[in-house]
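Structural description and commentary
In case you want the letters, here they are:
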Amino acid sequence: FDQLQQKIQRNASQIDNYLEQRVMVLQNCARLLDKAIALDQDTFVNLAKYRSGNADADTARNEISGKVENISRDIHVAVENYPDLAAHREIADAMQQNMYLQREITAARELYNDTVDQWNRDIFAWPTKKIVAAKNGYTTRLPFIASKEIKEQAKGVFF
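Remember, it's a predicted structure, so these values are computed and weren't measured experimentally.

**Examining the nonpolar core**
Counting residues in hydrophobic clusters, the biggest one holds 19 residues, and the most contacted among them are Ile8, Tyr18, Ile91, Tyr112, Trp119, Ile123 and Tyr138. If you list the elements that add at least two residues to this core, you get helix 1 (2–52) and helix 3 (86–123). Tallying contributions element by element places helix 3 first for this core, with nine residues. With sequence-adjacent residues up to four places away left out, Ile123 is seen in contact with Phe1, Lys129, Lys130, Ala133, Tyr138, Thr139 and Thr140.

Structure follows, in structure tokens:
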């Protein structure tokens, strides 16, 4: 029972570790998303300004033309296609990390639940384990279950 109890605690700790990593990834993703939005706004405002010719009166036409060419070349603008900016790749990478960590969390929870299931079966194994469990005051454990809030959110609309 002592070894099984240690295994349950180790499995629960592994879930906590993955959850902590996931929180960090999502916090980084949120910061990247804020930066990407600001970058997109600046990029498209500048493109529109230079293309319209409504730039500052003191700016020379050749300078504007050169800036438009540089911006277009740097972000690969092709008939108003959305540019492939580095911030977007970083967000995609962060979301990939999030999906990976979610799979790891799910696997760790399954391992935890398997260990708890073994614990719960062993407590009632007659005669030796049941006697030892009763003598030490061991009781059944609850497997991991999703909270009521998560179950309600799963029924909701995300987009």
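After that view of the structure, there is still more to cover.
**Describing unusual backbone geometry**
Note that the residue after Trp126, namely Pro127, is joined by a cis bond; omega there is 0 degrees. In this fold, Pro127 is placed in the loop between helix 3 and helix 4 (128–136).

**A short note on the packing of aromatic side chains**
Given two aromatic rings, their pairing is described by the distance between the two centres and the angle made by the two planes. Tallied over the entire structure, the rule returns three aromatic pairs. Ring centres of Phe1 and Trp119 lie 5.4 Å apart, and the angle between their planes is 75 degrees; this geometry places the pair in the edge-to-face category. Taken as a pair, Phe1 in the segment before helix 1 and Trp119 in helix 3 lie far apart in primary sequence, 118 residues in all. With centroids separated by 5.3 Å and ring planes inclined at 55 degrees, the aromatic side chains of Phe1 and Tyr138 adopt a geometry described as tilted. Of the two residues, Phe1 sits in the segment before helix 1 while Tyr138 sits in the loop between helix 4 and helix 5 (148–154), which places them 137 residues apart along the sequence. Using a relative accessible area of 23% as the deciding quantity, one classes Phe1 as partly exposed. Among the aromatic residues, those joined into a ring-pair cluster are Phe1, Trp119 and Tyr138. If you follow Arg141 out to its NZ or CZ, it ends over the ring of Trp119, 4.7 Å from the centre.

Calculation criteria
- Residues numbered from 1 in each chain as written.
- Predicted model: local features only at pLDDT ≥ 70, side-chain atom pairs only at ≥ 80, totals over all residues.
- Heavy atoms only, no water.
- Core = buried A, V, L, I, M, F, W, Y, C linked by side-chain atoms within 4.5 Å.
- Buried < 20%, exposed > 50% of the residue type's maximum accessible area, 1.4 Å probe, protein only.
- Helix = DSSP H or I, 4+ residues; strand = E, 2+ residues; numbered from the N terminus.
- Contact = heavy atoms within 4.5 Å.
- Phe/Tyr/Trp six-rings, centres within 6.5 Å; stacked < 30°, edge-to-face > 60°.
- Lys NZ or Arg CZ within 6 Å of the ring centre and 35° of its normal.

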